[in-house]
Amino acid sequence: MAKKYSSKINKIRTFALSLIFVGFIVMYIGIFFRTSPLIMSICMLLGVLFIIASTVIYLWIGILSTKAIQVVCPNCNKPTKILGRVDMCMHCREPLTLDRTLEGKEFDEKYNRKDTSLKQ
């Protein structure tokens, strides 16, 4: 059941990569409006903004990744990074936690929220 989740770092990197592709697609759409300089300029500007946003997200996740706790996954024996109370292994998607109170419980991303009502 935990196989539908992925590492938080990988999710953010995938989002940043998709922003690059969206930016290029928006710029290519602008080429179809060569006869209208205003629409073409808006598309080019939006595309560049998507790419700049992606760069900022890559910078942010890079900084966050250097501060993440690195552990060795007990399943695949490869080093991986954990963000928050629970996370997945980047390689084999094994649920990981450093919180002893969550060991043995089913993986749920809700454990990373600051809401104290989720503690059972």
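The residue numbering used here restarts from 1 in each chain and proceeds along that chain's sequence as written. Local features are withheld for residues below a pLDDT of 70 in this predicted model, meaning they are given only at 70 or higher, and side-chain atom pairs are given and counted only at 80 or more; totals for whole chains, interfaces and linings count all residues. The side-chain numbers reported here are obtained from all heavy atoms of the structure, hydrogens and water having been left aside.

As annotated in an unreviewed UniProt entry, the chain carries the name UPF0295 protein H9655_20990 and comes from Cytobacillus stercorigallinarum. Of the chain, the UniProt comment under Subcellular location (unreviewed entry) reads exactly: "Cell membrane". The Sequence similarities (unreviewed entry) field of the UniProt record for the chain holds the comment "Belongs to the UPF0295 family." UniProt positions are given in the numbering used here, feature names are shortened, and annotations may be inferred rather than shown by experiment.

**Q** Please set out helix 1 (residues 8-31) residue by residue, giving values where relevant.
**A** Counting from the N terminus, the helices are DSSP H or I runs at least four residues long and the strands are E runs at least two residues long. Each helix should span, by expectation, one fewer than its residue count multiplied by 1.5 Å. Relative to the 34 Å expected for 24 residues at 1.5 Å per residue, helix 1 spans 35 Å between its end C-alpha atoms, a close match to the ideal helical length. When a residue's accessible area, from a 1.4 Å probe over protein chains only, is under 20% of the maximum for its type it is buried; when over 50% it is exposed; and in between it is partly exposed. Among the residues making up helix 1, those that are buried are Lys8, Ile9, Ile12, Ala16, Leu19, Gly23, Val26, Met27 and Gly30. Residue contacts are counted whenever heavy atoms from the two residues lie within 4.5 Å of one another. Where helix 1 is buried, its residues touch helix 2 (37-67), strand 2 (79-82) and strand 3 (86-88).

**Q** Would you mind going over the environment of Gly23 in detail, with residue names and values included?
**A** Relative to the assigned elements, Gly23 resides in helix 1. Taking the C-alpha atoms as reference, Gly23 lies 9.0 Å from Cys43; in sequence the two are 20 residues apart. Non-local contacts of Gly23, meaning those with residues more than four positions away in its chain, are made with Gly47, Phe50 and Ile51.

**Q** Summarise the nonpolar core; cite the residues concerned and give the values.
**A** For soluble globular proteins, nonpolar side chains are generally found buried alongside one another. We call a set of buried residues a nonpolar core when its members are Ala, Val, Leu, Ile, Met, Phe, Trp, Tyr or Cys and they connect through side-chain atoms within 4.5 Å of each other. Residues Ile9, Ile12, Ala16, Leu19, Ile57, Ile61, Ala68 and Leu83 constitute the largest nonpolar core, which totals eight residues. Put simply, the parts of the chain that give this core at least two residues each are helix 1 and helix 2. At four residues, the largest contribution of residues to this core is made by helix 1. Excluding residues within four positions of it along the chain, Ile12 makes contact with Ile57, Trp60 and Ile61.

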